[in-house]
Amino acid sequence: MPELPEVHTTTVGIKLMTKGLTVTDVWTDYGGAIHNGKLNIKDKNFFTKFKQATVGKKIINTGRRGKNILINLDGGVTILIHMKMTGHVLYGKYKKVGNSWVANQPGALQDPFNGFIHLVFNLSNQKQLVLSDVRKFAKVTFFDEHNKNAIELELLGPEPLEKDFTWQTLGDRLETKPRGKIKTVLMDQSVIAGIGNIYSDEILFESEIHPESVVKKLDIKDYKNITKAMKTILTKSIKLGGDSLSDYRNIAGERGGFQNHHKAYRQTNLPCPKKNCSGIILRKIIGGRSSHYCSVHQKLKV
Ligand SMILES: [Zn+2]
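Calculation rules
Residues numbered from 1 in each chain as written. Predicted model: local features only at pLDDT ≥ 70, side-chain atom pairs only at ≥ 80, totals over all residues. Heavy atoms only, no water. Pairing = 2+ DSSP bridges. Helix = DSSP H or I, 4+ residues; strand = E, 2+ residues; numbered from the N terminus. Axes fitted to C-alpha atoms, helices over the stretch in contact; angles between N-to-C directions. Contact = heavy atoms within 4.5 Å. Salt bridge = Lys/Arg side-chain N within 4 Å of Asp/Glu carboxyl O. Buried < 20%, exposed > 50% of the residue type's maximum accessible area, 1.4 Å probe, protein only.

## Some points on the sheet that holds strand E9 (residues 128-133)
- In spatial order, the strands read E1-E8-E9-E5; together these four strands make up an open sheet with antiparallel pairing. Strand pairing shows two members of the sheet lacking a second neighbour, strand E1 (23-28) and strand E5 (87-92), which therefore form its edges. Along the sheet, successive strands turn relative to each other by an average axial angle of 15°, direction set aside.
- Relative to strand E8 (residues 117-123), E1 runs antiparallel, the two being bridged by five bridges. Of the residues in E8, the one forming a bridge with valine 23 is leucine 123.
- Where helix H1 (residues 4-18) meets the sheet, its contacts fall on E5, E8 and E9, and the angle it forms with E5 comes to roughly 25°.
- Along the sheet face, helix H2 (residues 44-54) touches E1 and E8 and points at about 165° away from the line of E1.

Okay, here's the thing in structure tokens:
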């Protein structure tokens, strides 16, 4: 699933390419009876409202909150896209063939991997902003002052890359889940926004903390180490364009580079890459998610 660096990369791309353009039409083939009544475009009636709220509006800005892309339109309407497991937003020239959309320009958008188009925004420059999503788990909705369709945003914890996010902030947030395992708590979006499976593994590897350590057993030194590792690793991944080990692609359909820099995530049975450490990387399911960590230098505190 795209995490903070991937969503950031996509957000910056959308902002660069679409600012000032107008949404001229919206198309989707998301749907199905199981989604009826939901406050997202997979519900047919909701999609009608979504179209009314967005078509004819100009894109003013694009931002991010946690793993959510937020596209601001004039008139106070915001489109929210959560890419979930396999979604990625793409931008370029597309054409409709039968009841599906295909890229109509050479390059990475033609990659079959980018071809699972389930949502299309037609834009006033005759190009399209689309969502490719092979497993169709993505969530798309809108909100404005009258329509509170995105209350989940209000439940998100603070942003780890904000300047005012310090080790004290981390400590205050972790202490809301004192009995939790650190890996699970770091991925809890209400504690800190934007971190998932890949970056929690990498952050704990760097911080020398075992993922099953209990939050209340951590000390100030651990808070400082986690905060430093979090900022360093997330920033490094943003510079590399995010992580494309799985489905993530940037809006041009191209891979990021962070998957070539993993020290723990999916490195099972490889020697620990930390200098002078004799450990190997182990894999264990923690809180329902696979976790990767060094058998020697990541200390278990319980
Ligand atoms: Zn090690």
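Once you've had a look at it, read on.
## Brief notes about the pattern of salt bridges
- Per the counting criterion, the structure on display carries twelve salt bridges.
- Residue lysine 51 pairs with aspartate 25 through a salt bridge whose shortest N-O separation is 3.6 Å. Of this pair, lysine 51 sits in helix H2 while aspartate 25 sits in strand E1, and the two are 26 residues apart along the sequence.
- Since its relative accessible area comes to 32%, lysine 51 is described here as partly exposed.
- What makes aspartate 25 partly exposed here is its relative accessible area of 31%.
- The salt bridge partner of glutamate 206 is lysine 263, with a shortest N-O separation of 3.6 Å. Placement of glutamate 206 in helix H5 (residues 197-207) and of lysine 263 in the loop between helix H6 (220-239) and strand E11 (281-286) is noted, with a sequence separation of 57 residues between them.
- Judged by relative accessible area, lysine 263 falls into the partly exposed class, the value being 32%.

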